[in-house]
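Per-entry structural report
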Protein chains: 2
Amino acid sequence: MKALILVAHGSRLAKSNTEVFKLVGELEKKCSGQYSIIKTAFLELSEPLIPEGIKDCVEKGARSIIILPYFLNSGRHVTDDIPNIVNNVRKQYPDVDIKITPHLGASDLIIDLLISSADATQLK
Amino acid sequence: MKALILVAHGSRLAKSNTEVFKLVGELEKKCSGQYSIIKTAFLELSEPLIPEGIKDCVEKGARSIIILPYFLNSGRHVTDDIPNIVNNVRKQYPDVDIKITPHLGASDLIIDLLISSADATQLK
């Protein structure tokens, strides 16, 4: 069973966290055929935190988990904090394959997204 | 003449700012036919700041400027800080049309980007 966890930074503003939960809801609609569990987790400031998110997926039967950092740049959170947390949790579940995707700014599609956003605004 | 300014937060880490400049370089390759000027600017911590970026575009002849906030969530930076800075600068250039795009998390394409990123990592 495969799981996908979108990991956002987490905010003191409830509105910002709600945006992330909504986004994951949209993600769930689009790829629930591919991933049995699709969850939100936060690096800090909001719950569930990453270890709790992973634990929940494992308890529900996930044996493959993709961690998707919802970050644009490869700052310290992406290069150190998230991998360190995931590495610690990984030790508790040696039978579970846990992978972390690159930050979003590294995707080829980010350019298309930027152009599409600029074009839509220009035409307004 | 049209200009596009990608506005990132700005970081104390040079590497993070360099990533943004590189991304804007890629953006330039893809849409220089559509925008005569494509620039990077930062909200804080790195230069050029937004007013300087806009000034540079206007001096080079831009009469239409799209500000593209490189932010995933609609936090305070997106809802208040960037619009406030742009509104202040706008007063100096009444003949220039300056528009701000929504944050990237609001784009329909963000879901495709997330799925593509997850899929690529899963196959590794």
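Conventions used here
Residues numbered from 1 in each chain as written. Chains lettered and ligands numbered in written order. Predicted model: local features only at pLDDT ≥ 70, side-chain atom pairs only at ≥ 80, totals over all residues. Heavy atoms only, no water. 1 Å grid on protein atoms, 1.4 Å probe; cavity = no way out; pocket = protein on both sides within 12 Å on 5 of 7 lines; lining within 4 Å. Points joined across faces, edges and corners; volume = space filled by probe spheres on them. Helix = DSSP H or I, 4+ residues; strand = E, 2+ residues; numbered from the N terminus. Nonpolar A, V, L, I, M, F, W, Y, C, P; charged D, E, K, R; others polar.

As for the layout of surface pockets
By volume, the largest pocket is sized at about 1,200 Å³. Considering the residues around the largest pocket, the lining is formed by 38 residues, among which A:His9, A:Phe71, B:His9, B:Phe71 and B:His77 are closest to the centre. Going through the elements one at a time, helix H1 (14-31) and helix H3 (76-90) of chain A together with helix H1 (14-31) and helix H3 (76-90) of chain B are the ones with two or more residues in the lining of the largest pocket. Each residue belonging to the lining of the largest pocket can be placed in one class, and the counts come to 17 nonpolar, 16 polar and 5 charged. Here the second largest pocket is characterised by a volume of approximately 240 Å³. Forming the walls of the second largest pocket are 16 residues, and the residues nearest its centre are A:Gly105, A:Ala106, A:Ile110, B:Leu23 and B:Glu26. Of all elements in the fold, only helix H4 (109-122) of chain A together with H1 of chain B reach the threshold of two or more residues within the lining of the second largest pocket. Broken down by element, the residue count for the lining of the second largest pocket peaks at 6 residues, all from H1(B). Its residues placed into classes, the lining of the second largest pocket shows 7 nonpolar, 4 polar and 5 charged.

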